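For reference, the chains in residue letters:
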Amino acid sequence: MNKKLYAVPLLSSALYSVWGASITLALKLGTNVASLGLLVYFMASVLSLLFSIKRIFPPKKEWIFAGLIFASANFILFNMISGSYLSAAYIFLPSSILVFYLFTLEEIRQKKSEKLRISFAVTVICLGMVVSQVSGPFLINWFNLGLGLLASFLYGVSSFLSASSTIAKREMAETFWIVLLEITIFLPLSFITGLKISMNSAGFAATAALCVSAGHYLELLSYDRIKVQGGRFRLLNMINVLTNFDIVFVAIASVFLGSFTVFSLIGLALTFVGIVFFF
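Source: prediction; values computed, not measured. (Residues numbered from 1 in each chain as written. Predicted model: local features only at pLDDT ≥ 70, side-chain atom pairs only at ≥ 80, totals over all residues. Heavy atoms only, no water.)

Caption draft 1: Structural detail: the packing of helix α11 (residues 246–257) against helix α12 (residues 262–278). In the contact formed by α11 and α12, the axes pass within 10 Å of each other and the chain directions differ by 165 degrees. Between α11 and α12, the angle falls in the class roughly antiparallel. By crossing handedness, the relation of α11 to α12 is classed as left-handed. Contact with α11, carried on its side by Ile247, Val248, Ala251, Ser254 and Val255, involves Leu265, Leu268, Thr271, Phe272 and Ile275 of α12 and no other residues of that element. For the contact of α11 with α12, a count of residues per class yields eight nonpolar, two polar and no charged. (Axes fitted to C-alpha atoms, helices over the stretch in contact; angles between N-to-C directions. Helix = DSSP H or I, 4+ residues; strand = E, 2+ residues; numbered from the N terminus. Parallel < 35°, antiparallel > 145°, perpendicular 65-115°, else oblique. Left-handed = near helix turned anticlockwise from the far one by under 90°. Contact = heavy atoms within 4.5 Å. Nonpolar A, V, L, I, M, F, W, Y, C, P; charged D, E, K, R; others polar.)

Okay, here's the thing in structure tokens:
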């Protein structure tokens, strides 16, 4: 892949990290999970609509499924952040590269040396997820680990659906439909759990909305650019790995926000090593 193409997915990853930090701050300031999701994705859909209003057309079925699955994964992630720590919860998002990779495995011919490298990366990432949930000597939060693995699976599935169904010059329209469909999950949940929005968190919610819509658009733009090149499935994985480099920024943000544990930072470090070997 041309090195010039690295910049766009890396910028996307930086925006995703700001999204994660903004979500954490909004939750800390009193907005509950479902209300925050509704607010963020309503604003994100409005922003996406403003930039794609002349190019809106009926969504592909993959976008519909991607939006609904993303919303389910985000609901789990937001709950984990609310009840735990940013560093311990967010690790399951970049770990979704394993699921993404499984969808393209049959399309990629691997040499023996590459199989060993990937096997090492998978092992280290899995170890990182387990370590991140250590809550004391020989104690692991199995409930959070199970929830996190579910979220990771959902993120991987939705990311692949979104990436593999991009249409040239329709990236913002796809972003619009995906974030709009997330509302259909968060709206009923906000009525069930009670609508609770803190005005102090509105600015962070707006920042999260801007970052998630712009980040997703740039991610899709990266996928679209590599469609004309050979080895498409290998490059799809490469883009997916690069957009998940937000793990570095999130680790730093979690320290500044005081939303971390030593074990979760070790888990993030292990996962980052695995991601690098994947790359």
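Alright, that's what it looks like, and here's the rest.
Caption draft 2: Molecular detail of unusual backbone geometry. Within the chain, Lys169 stands out as a residue other than glycine whose phi angle is a positive 65 degrees. You can call Lys169 exposed: its relative accessible area is 61%. (Buried < 20%, exposed > 50% of the residue type's maximum accessible area, 1.4 Å probe, protein only.)

Caption draft 3: Fine view of the nonpolar core. If you look at the biggest cluster of nonpolar residues, it comprises 65 residues, and the most contacted ones within it are Trp19, Ile23, Tyr41, Leu77 and Phe278. With eleven residues, helix α3 (residues 61–83) is the single largest residue contributor to this core. Sequence-distant contacts of Leu77, defined by excluding residues within four places in its chain, comprise Trp19, Ala89, Tyr90, Leu93 and Tyr155. Judged by nonpolar contacts, the second largest core, of ten residues, contains Leu5, Phe160, Ala163 and Leu236. (Core = buried A, V, L, I, M, F, W, Y, C linked by side-chain atoms within 4.5 Å.)

Caption draft 4: Representation of the packing of helix α2 (residues 33–52) against α3 in the model. Where α2 contacts α3, the axes come no closer than 10 Å and their chain directions differ by 125 degrees. By the angle class used here, α2 and α3 are oblique. The element α2 and its partner α3 pack so that their crossing is right-handed. Note on element contacts: α3 touches α2 through Asn74, Phe75, Phe78, Asn79 and Ser82, opposite Val33, Gly37 and Tyr41. Of the residues belonging to the contact of α2 with α3, the class tally is four nonpolar, four polar and no charged.

Interpretation in functional terms is not warranted from these geometric data alone.
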